[in-house]
Amino acid sequence: MINTKEDFLLLVKQIEQKANYKKPHAFGIARLDRGQLNKNKILQASFALINYEQNYASAAIMLEAFARRGVELDFSKSEFVELLKLEDIDFALSCFKPFLEEEGHKNIDLLKVVKDKFKDDEFAFVCLFEDKEPLSVESVYLKLYLLSTKKVPLRGLNLNGAFGLLHNVAWSEDKPIELEYLRENEMRLKMSKQYPKIDFVDKFPRFLAHIIPEDNTRILESSKVRMGASLAAGTTIMPGASYVNFNAGTTGACMVEGRISSSAIVGEGSDIGGGASILGVLSGTSGNAISVGKACLLGANSVTGISLGDNCIVDAGIAVLEGTKFLLKDKEELQKVNLGFDFNKEMYKGIELKNLNALHFRQDSISGAMIVGFNKKAITLNAALH
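As the structure is a computational prediction, the values presented were derived from the model and not from experiment.

Rules and cut-offs
- Residues numbered from 1 in each chain as written.
- Predicted model: local features only at pLDDT ≥ 70, side-chain atom pairs only at ≥ 80, totals over all residues.
- Heavy atoms only, no water.
- Core = buried A, V, L, I, M, F, W, Y, C linked by side-chain atoms within 4.5 Å.
- Buried < 20%, exposed > 50% of the residue type's maximum accessible area, 1.4 Å probe, protein only.
- Helix = DSSP H or I, 4+ residues; strand = E, 2+ residues; numbered from the N terminus.
- Contact = heavy atoms within 4.5 Å.
- Axes fitted to C-alpha atoms, helices over the stretch in contact; angles between N-to-C directions.
- Parallel < 35°, antiparallel > 145°, perpendicular 65-115°, else oblique.
- Left-handed = near helix turned anticlockwise from the far one by under 90°.
- Polar contact = N/O pair within 3.5 Å; in protein donor to acceptor, adjacent residues only side chain to side chain.
- Pairing = 2+ DSSP bridges.
- Salt bridge = Lys/Arg side-chain N within 4 Å of Asp/Glu carboxyl O.
- Phe/Tyr/Trp six-rings, centres within 6.5 Å; stacked < 30°, edge-to-face > 60°.
- Lys NZ or Arg CZ within 6 Å of the ring centre and 35° of its normal.

(A) Inspection of the nonpolar core at higher detail. Judged by nonpolar contacts, the single largest core of 70 residues is most densely connected at Phe47, Ile278 and Phe361. Broken down by secondary-structure element, the contributors of at least two residues to this core are strand 1 (26–34), strand 2 (42–47), strand 5 (123–128), helix 5 (137–148), strand 6 (169–172), strand 23 (325–328), strand 25 (359–363) and strand 26 (370–374). Counting residues per element, this core draws most heavily on helix 5, which supplies eight residues. When neighbours within four sequence positions are excluded, Phe47 is seen to be in contact with Gly28, Ile29, Ala30, Val126, Glu138, Tyr141, Leu142 and Tyr145. Ile15, Phe96, Val114 and Phe118 belong to the second largest nonpolar core, which has 36 residues in total.

(B) Representation of the packing of helix 2 (residues 56–68) against helix 3 (residues 86–95). Following both chains from N to C, one finds helix 2 and helix 3 inclined at 130°, their axes separated by 9 Å at the closest point. Judged on the interaxial angle alone, helix 3 and helix 2 are oblique. The two elements helix 2 and helix 3 cross, and the hand of that crossing is right-handed. Residues Ile61, Met62, Glu64, Ala65, Phe66 and Arg68 of helix 2 form the contact with helix 3, whose own contacting residues are Asp88, Phe91, Ala92 and Cys95.

(C) Representation of the environment of Glu178 within the structure. Positionally, Glu178 belongs in the loop between strand 7 (175–177) and helix 7 (179–184). Apart from the residues within four sequence positions on either side, Glu178 is in contact with Gly35, Gln36, Leu37, Asn38, Lys41 and Leu43. Polar contacts involving the side chain of Glu178 include one to the main-chain amide nitrogen of Asn38, which spans 3.4 Å.

(D) Just the sheet that holds strand 12 (residues 249–250), in detail. Spatial ordering of the open sheet is given by 12-15-18, a layout of three strands whose pairing is parallel. What marks the edges here is a single partner per strand, and that holds for strand 12 and strand 18 (291–292). Pairing of strand 15 (residues 265–266) with strand 18 involves two bridges; the strand directions are parallel. Looking at the pairing, Ile265 lines up with Ser291 of strand 18.

(E) Geometry of the sheet that holds strand 25. Pairing is mixed across the open sheet formed by 10 strands, whose spatial order is 9-10-13-16-19-21-25-26-23-24. Here the strands that pair on one side only, and so sit at the sheet edges, are strand 9 (218–219) and strand 24 (347–349). By the bridge criterion, two bridges tie strand 13 (residues 255–256) to strand 16 (residues 271–272) in an arrangement that is parallel. Within the sheet, the bridge partner assigned to Met255 lies in strand 16 and is Asp271.

(F) Local environment of the pattern of salt bridges. Using the criterion set out here, one finds 21 salt bridges in the structure. A salt bridge links Glu64 to Lys18; its shortest N-O distance comes to 2.7 Å. Within this pair, whereas Glu64 is found in helix 2, its partner Lys18 is found in the loop between helix 1 (5–16) and strand 1, the two being separated by 46 residues in sequence. The exposure class of Glu64 is buried, given its relative accessible area of 6%. We classify Lys18 as partly exposed; its relative accessible area is 42%. Beyond isolated ion pairs, a larger network of salt bridges with shared partners links Lys18, Glu64 and Arg68.

(G) Summary view of the packing of aromatic side chains. Tallied over the entire structure, the rule returns 16 aromatic pairs. A ring pair is formed by Phe8 and Phe99, whose centres lie 5.0 Å apart and whose planes are at 75°; its orientation type is edge-to-face. Of this pair, Phe8 sits in helix 1 while Phe99 sits in the loop between helix 3 and helix 4 (106–116), placing them 91 residues apart in sequence. Ring centres of Phe66 and Phe125 lie 5.7 Å apart, and the angle between their planes is 45°; this geometry places the pair in the tilted category. With Phe66 in helix 2 and Phe125 in strand 5, this residue pair connects regions lying 59 residues apart in the sequence. Taken as a pair, Phe66 and Phe125 share a single burial class, namely buried. Taken together, Phe27, Phe66, Phe80 and Phe125 form an aromatic cluster joined through their ring pairs. Taking NZ or CZ as reference, Lys23 lies 5.1 Å from the ring centre of Tyr56, over its face.

The following block contains the structure:
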């Protein structure tokens, strides 16, 4: 019986001293959406609270609840996923007794809500002990939440195999529906005017279905940002040709009217112009993840396939790819802001110029020659918009 905070701390210590026990890197309780035909198929996992490298005592209590119920805990595995039972919640709340009347204990508050809304097979406890390839839909979602809530930086998690674990489903008002269910019930649903409005078909939900952005972040169409993206405060995602994929996003306030592909990162103060495209790891970059530095401008309909440093411009309509050849101008000015680089040639491939600062990529409108020179313009966002 836990009556005091000292009793609680002693219990946690005893749990953590058990053989092979591991503190999790991340954990949370997920509400599960299951398949309409196959109840064993997890279509989506929603987390209201994510713990990352914190609140280890709460994790210890939950893991102890499962152990006392006879669930095998294998700490040699990279993750742990287990359905919650009422007895698990009751045990945990009994352990938290000294804290129940205090404010500020979010994991306890969450347990109270889950108990109030409890249904069998609807809630699961999800733990990550190591950052290895995810093994379940639940752990994929936990990792997507870690990225989208900015608890882990972009490219900071192993997502290999995640796409294969998620199911391709129809999404109706952010609720997933098995495609096979729609096929099997098409006549009944349509003839009874019950066929759902399908917003899109994909393996990933939309960012806004799970994440509450900062007050000064604007997303003008929910379809423009995929779950697993990370948007820094002050970022504006305009409608039209803009898009931010999972494991991609911004690290500061940015204007986005173009495409930020998977694993691409855009620095503070940059402007991704209308229809501009930053290539992802699966399209034209030889698998190299692209970063765009601070205060850069990608002109309308431009393409960037190399990483850019700070204060760079890619003129509208041109493509800066790894193999694109550029005539070098303004060698002395560029040398001053890129001290570690030796500008000793007259022509460079795009890949040779990656991560350099103050580059201005353009095309001579008469000769057609691709040119890179020193950027003399300062890129500033409209403060009123961010």
